[in-house]
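Coordinate analysis (summary)
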Amino acid sequence: MNARVSILLAALLMLVHALSYLDAGPVDDDFICYRYARHLVNGDGLVFNPGEVFEGYTTPAWTLLMALLIRLGFDPVVHSHTIGILGAVVAVVAVGQAWRTRYPSAKWAPPAWILAASPAMAFHANAGLGTTLLAACLALFWMAWEQSNARGKAPCCAAAWLAVAIFVRQECVLFLLPFAWQECRAGRVRTTIMASLCGVGWTAFRLVTYERLLPITYGVKKLPVIDDLGYGISYLWDATLLCGFGVFVVLAWMPVRRTAKHRAAPLAGIAAGLTLHTTYVVWVGGDFVPWARFFVPTLPLAVGLGCLAYHHWRRLAVMAGSGVMLALQWPSMISLANPSAEGRVHRFQDQIVAEQHWAKIGTWMKEVAPQGTRVATSPIGVIGWTSELEVIDILGLTHDGALGVDPDLEGVGMKGHHRSATAYVLERMPEWVMLGNAWNDANGQLAVNPWEVELVLHPTFQSSYRQVRISIPDVEPFDLFVRKDSPAPPNAGTTWTER
């Protein structure tokens with residue numbers, strides 16, 4: 001088989017694989033980006049609530065891309081799938097081309113096929129948040145660097161792709177460090193400047209607009225070092241069981257030592273960046289979004305270097321190694337009966353019981369809420385996007401109400417949810433408060449989230465709000481807390497029972 005044909009077939013596999021997860025996304029956090037984008041298009045600025053200037057998103061390029069879609073009249077909920085799936089396909093092609101550049105006589109491209117078989121890549125192509133867009137940028141960065149190195153030219157295209165990657169997520173500056181080191185050693189400063197432009201420009205914008213060096217979410221989610229490391233190590237272990245990520249990282253430096261010095265610069269730079277990025281993810285404690293979201297952007301690089309590690313072996317070993325790496329994708333392909341498992345079927349169930357559930361509630365809120373109604377809740381993405389009301393984040397990721405609050409390390413086990421803005425919410429006194437993600441327990445009673453317990457038990461909350469149950473079409477009855485001096489929500493087509 002011709003390597004070019006092999007890459008195209010792998011890209012087709014990635015396309016079909018990603019399309020098979022079409023109804024499993026986007027996740028709630030992606031709707032936060034849509035809301036920021038809509039407010040930008042409407043002239044309110046990059047804000048979650050008009051008049052409140054806080055950077056509650058961590059993917060500026062993705063958010064601005066969603067704003068462009070809205071400005072052009074496209075639905076970002078639909079076309080984030082388009083961009084995400086395209087990003088996954090491009091990542092497969094780019095990693096295949098990087099392999100083909102290094103081995104022009106190769107008849108197939110193992111890393112392209114392994115990446116195309118990854119359920120984590122296929123799922124996150126639909127989950128949003130620019131995850132596979134970033135994977136594509138980093139894969140193109142590696143491909144362009146390999147091609148420039150093979151031609152003996154300055155890696156200007158590689159620098160441009162790295163600049164875009166940093167614009168998508170600023171953690172990619174960790175790839176800039178080894179890239180700059182290699183380029184400065186070669187006497188090329190221009191490429192380093194090119195790669196830095198987007199990061200420097202956005203940092204300046206952030207300082208002027210938000211008056212902070214980092215997005216507010218970084219401060220809210222940060223825990224004591226020992227706790228974050230515990231979460232991070234567990235996160236890396238889970239990613240290794242899911243898609244073999246840790247194995248690939250361990251193998252990453254092997255091809256650097258086996259490669260001639262004049263051809264090793266891209267491999268050394270990518271391996272160093274991958275190591276730094278992996279260390280960073282462990283340091284911050286990973287993420288709560290399923291299926292290794294923080295590692296998926298670097299998965300093409302990890303798979304590519306992992307394949308290079310055994311390329312010098314005999315053909316049988318190469319085939320066996322590829323089979324093992326493909327087998328590492330299996331845990332996320334199967335549907336497990338265990339409700340806590342993370343098999344393929346659970347990605348679709350999560351979408352139904354979470355995002356689709358909240359979308360119906362948010363649409364109802366938009367239809368019946370009096371003008372000026374404020375809603376406090378934890379799943380702020382879908383509710384904020386569909387309701388178009390002022391939404392107060394109980395977790396404090398879109399305002400400064402949770403900064404400086406001591407994390408609840410004993411009562412909360414979900415990374416990124418250890419702080420809550422109880423005092424801030426009570427100070428704002430929203431007309432409606434939706435707790436427990438609008439879910440009920442097995443007995444049909446409201447299941448309050450652990451980080452919301454402090455708010456529920458607060459005397460001010462108990463004396464100021466009444467709990468009511470609401471039923472709307474196609475939604476399981478849920479509880480809403482209504483401020484006592486606010487009118488009861490209209491009951492057109494809705495059954496209300498004061499509890």
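Residues numbered from 1 in each chain as written. Predicted model: local features only at pLDDT ≥ 70, side-chain atom pairs only at ≥ 80, totals over all residues. Heavy atoms only, no water.

Right, let's get into the state of the cysteines. In a disulfide, the sulfur atoms of two cysteines are held together by a covalent bond. By the definition in use, this model includes zero disulfides. The structure places no disulfide on C172, whose sulfur is separated from the nearest cysteine sulfur, that of C137, by 8.2 Å. On the accessibility criterion, C172 (1% relative accessible area) is buried. (Disulfide = S-S within 2.5 Å. Buried < 20%, exposed > 50% of the residue type's maximum accessible area, 1.4 Å probe, protein only.)

Within an α-helix, residues lying three or four positions from one another point in the same direction, as the helix has 3.6 residues per turn. A rise of 1.5 Å per residue sets the reference length of helix 18 (residues 344-368), with its 25 residues, at 36 Å; its end C-alpha atoms lie 36 Å apart and thus fit the reference within 8%. At Q351, helix 18 shows its strongest bend, of approximately 30°. (Helix = DSSP H or I, 4+ residues; strand = E, 2+ residues; numbered from the N terminus. Expected span 1.5 Å × (residues − 1). Bend = angle between axes of the 7 residues up to and from the residue.)

P26 follows G25 through a cis peptide bond whose omega is 0°. When you line up the elements, P26 lands in the loop between helix 1 (3-19) and helix 2 (28-41).

What characterises a pair of aromatic rings is the spacing of the ring centres plus the angle enclosed by the ring planes. Enumeration over the complete set of coordinates arrives at 24 aromatic pairs. Residues Y34 and W385 carry aromatic rings whose centres are separated by 5.6 Å and whose planes lie at 70° to one another, so their mutual orientation is edge-to-face. Of this pair, Y34 sits in helix 2 while W385 sits in helix 19 (residues 380-387), and the two are 351 residues apart along the sequence. Here Y34 falls in the buried class, since its relative accessible area comes to 0%. Judged by relative accessible area, which is 14%, W385 ranks as buried. Their ring planes at 25° and their centres at 4.8 Å tell us that F461 and Y465 sit as a pair that is stacked. (Phe/Tyr/Trp six-rings, centres within 6.5 Å; stacked < 30°, edge-to-face > 60°.)

Positionally, S148 belongs in helix 7 (residues 131-151). Of the residues examined, S148 reaches a relative accessible area of 11% and is grouped as buried. Among residues more than four places away in sequence, those in contact with S148 are K153, A154 and P155. (Contact = heavy atoms within 4.5 Å.)

When pLDDT is averaged along the chain, the result is 90; 91% of the residues meet or exceed 70. Considering only residues more than four positions removed or in separate chains, one finds that residues 334-341, a stretch of pLDDT under 50, has nine contacts. In the predicted structure, residues 492-496 sits below a pLDDT of 50 and forms 17 contacts with residues beyond four places in sequence or in another chain. (pLDDT = per-residue confidence, 0-100.)

Along the chain, the position of C156 falls in helix 8 (residues 156-168). Considering only alpha carbons, one finds C156 and R190, 34 residues apart in sequence, at a separation of 8.4 Å. Setting aside residues up to four positions removed in sequence, C156 forms contacts with R190, T191 and M194.

With that settled, consider helix 19. Helix 19 sits mainly inside the fold: eight of its eight residues count as buried. Three or more residues of helix 19 are buried, namely I380, G381, V382, I383, G384, W385, T386 and S387. After helix 19 finishes, the residue E388 shows a positive phi value of roughly 60°.

Moving on, we come to the pattern of salt bridges. The tally for this structure, following the rule as stated, stands at 16 salt bridges. Where E183 meets R188, a salt bridge forms, and the shortest distance between an N and an O atom there is 2.8 Å. Given the relative accessible area of 1%, E183 is considered buried. Three or more residues joined by partner-sharing salt bridges are found here, namely R374, E431, R483 and D485. (Salt bridge = Lys/Arg side-chain N within 4 Å of Asp/Glu carboxyl O.)

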